[in-house]
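Secondary and tertiary structure notes
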Amino acid sequence: IKTGVWKDNSIGTQSYFTRPPGYGILYYLCIKVAGPDSALTLLKTIQLILFSFSVFWIFYISQQLFKSKRIPYFIAILYGILPFASSFLFYTLTEGIAPALLLYYIYILFKADEINVLKRKRIYFLLAALVFGYLLIVRPQLGLFGILIPIFLLKNYLKYGVKKLI
């Protein structure tokens with residue numbers, strides 16, 4: 001206020017969470033693949049593709065959660081057309097990919113839940129852990145969804161016995 005500028009560039013105590021590295025890693029890969037001139041176009045294309053898949057993933061998750069056949073369609077249509085989910089797609093913000101990554105993570109957990117072959121089930125849980133790890137460095141606030149992995153693991157492996165869980 002003394003200088004007439006309302007801005008402070010000093011490092012605060014929350015500086016570790018101001019810019020997590022996950023989105024930057026994706027943008028860096030886009031630069032390496034498409035070059036500096038086309039990287040932004042590639043990034044936006046990836047965001048649009050992820051959003052397109054996430055409409056299916058939310059539909060599938062809704063099918064697993066609700067017995068009604070209409071509710072999953074209603075949820076997927078609302079998610080696909082309302083701007084709260086799609087409005088960030090053309091910006092270079094973590095909000096462009098975080099919802100899709102979260103839905104993909106939950107989708108993988110539900111797919112692991114439905115598979116009966118133990119080896120394939122482990123592959124799905126490993127993939128879910130990897131997606132969650134990347135989601136965590138994209139949006140650390142979504143770390144609370146990590147509790148889903150132990151919940152799904154216990155639900156799936158307790159029927160095989162504690163030895164298979166370990």
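Notes on the structure follow. (Residues numbered from 1 in each chain as written. Predicted model: local features only at pLDDT ≥ 70, side-chain atom pairs only at ≥ 80, totals over all residues. Heavy atoms only, no water.)

Quick word on the overall build of the protein chain
Spelled out, the test is: To qualify as a helix, a DSSP run of H or I must reach at least 4 residues; to qualify as a strand, a run of E must reach at least 2; elements of each kind are numbered from the N terminus. Accessible area is worked out with a 1.4 Å probe on protein chains only. A residue is then buried under 20% of its type maximum, exposed over 50%, and partly exposed in between. The contact definition used throughout considers only heavy atoms, calling two residues in contact when any of these lie within 4.5 Å.
Along the protein chain, the regular secondary structure elements total 8 helices and 0 strands. Considering the protein chain as a whole, with its 166 residues, one finds that 34% of them fall into the buried category. Long-range contacts, defined as pairs at least 24 residues apart, comprise 64% of the intrachain contacts of the protein chain with a sequence gap of at least 6.

Some points on a nonpolar patch on the surface
Stated formally: Patch construction takes residues with relative accessible area above 30% that form no salt bridge. Like charges are linked within 9 Å, and nonpolar side chains (Val, Leu, Ile, Met, Phe, Trp, Tyr) are linked within 5 Å. Each accessible area is a Shrake-Rupley estimate made with a 1.4 Å probe; only the visible protein chains count as cover when residues are assessed. One speaks of a salt bridge when a side-chain nitrogen belonging to Lys or Arg is within 4 Å of a carboxyl oxygen belonging to Asp or Glu.
Judged by side-chain polarity, Tyr 73, Ile 77, Ile 81, Leu 82 and Phe 84 come together as a nonpolar surface patch covering roughly 550 Å² of accessible area. By residue number, the principal contributor to the nonpolar patch is helix 3 (residues 70–81), which donates 3 residues. Looking at the secondary structure, you find Tyr 73 in helix 3. Residue Tyr 73 is classed as exposed on the basis of its relative accessible area of 52%.

Topic: the pattern of salt bridges
A complete count under the given rule lists 3 salt bridges for this structure. Between Glu 95 and Arg 139 there is a salt bridge, with the nearest N and O atoms lying 3.3 Å from each other. Within this pair, whereas Glu 95 is found in the loop between helix 4 (83–86) and helix 5 (98–114), its partner Arg 139 is found in the loop between helix 6 (118–138) and helix 7 (148–157), the two being separated by 44 residues in sequence. For Glu 95, a relative accessible area of 26% puts it in the partly exposed group. By relative accessible area, Arg 139 is classed as partly exposed at 25%.

Quick word on the environment of Phe 51
With respect to the element layout, Phe 51 can be found in helix 2 (residues 39–65). When the C-alpha positions of Phe 51 and Gly 80 are compared, they lie 8.2 Å apart, and in sequence the two are 29 residues distant. Ignoring any residue separated from it by four or fewer positions in sequence, one finds Phe 51 in contact with Tyr 79, Gly 80, Ala 85, Ser 86, Leu 89 and Ala 100.

Remarks on the nonpolar core
Put simply, the test is: Residues belong to a common nonpolar core when they are buried Ala, Val, Leu, Ile, Met, Phe, Trp, Tyr or Cys residues joined through side-chain atoms within 4.5 Å.
Grouped together as the largest cluster of nonpolar side chains are 41 residues, with contacts concentrated most on Ile 97, Tyr 105, Ile 106 and Leu 109. Elements with a minimum of two residues in this core: helix 1 (22–34), helix 2, helix 3, helix 5, helix 6 and helix 7. Per-element tally for this core: the top contributor is helix 5, with 12 residues. Apart from residues lying up to four places away in sequence, Tyr 105 is in contact with Ala 128, Val 131, Phe 132, Phe 145, Gly 146, Leu 148 and Ile 149.

What to know about the side chain of Asn 156
Heads up, the condition is: Under the rule applied, a polar contact is a pair of N or O atoms within 3.5 Å (in protein, one hydrogen donor and one hydrogen acceptor; residues adjacent in sequence only if both atoms are side-chain atoms).
Structurally, Asn 156 can be placed in helix 7. Judged by relative accessible area, which is 0%, Asn 156 ranks as buried. At a separation of 2.7 Å, a polar atom in the side chain of Asn 156 contacts the side chain of Lys 121. A polar side-chain atom of Asn 156 sits 2.7 Å from the main-chain carbonyl oxygen of Phe 152. What Asn 156 contacts, discounting residues up to four positions off in sequence, is Ala 112, Asp 113, Lys 121 and Phe 125.

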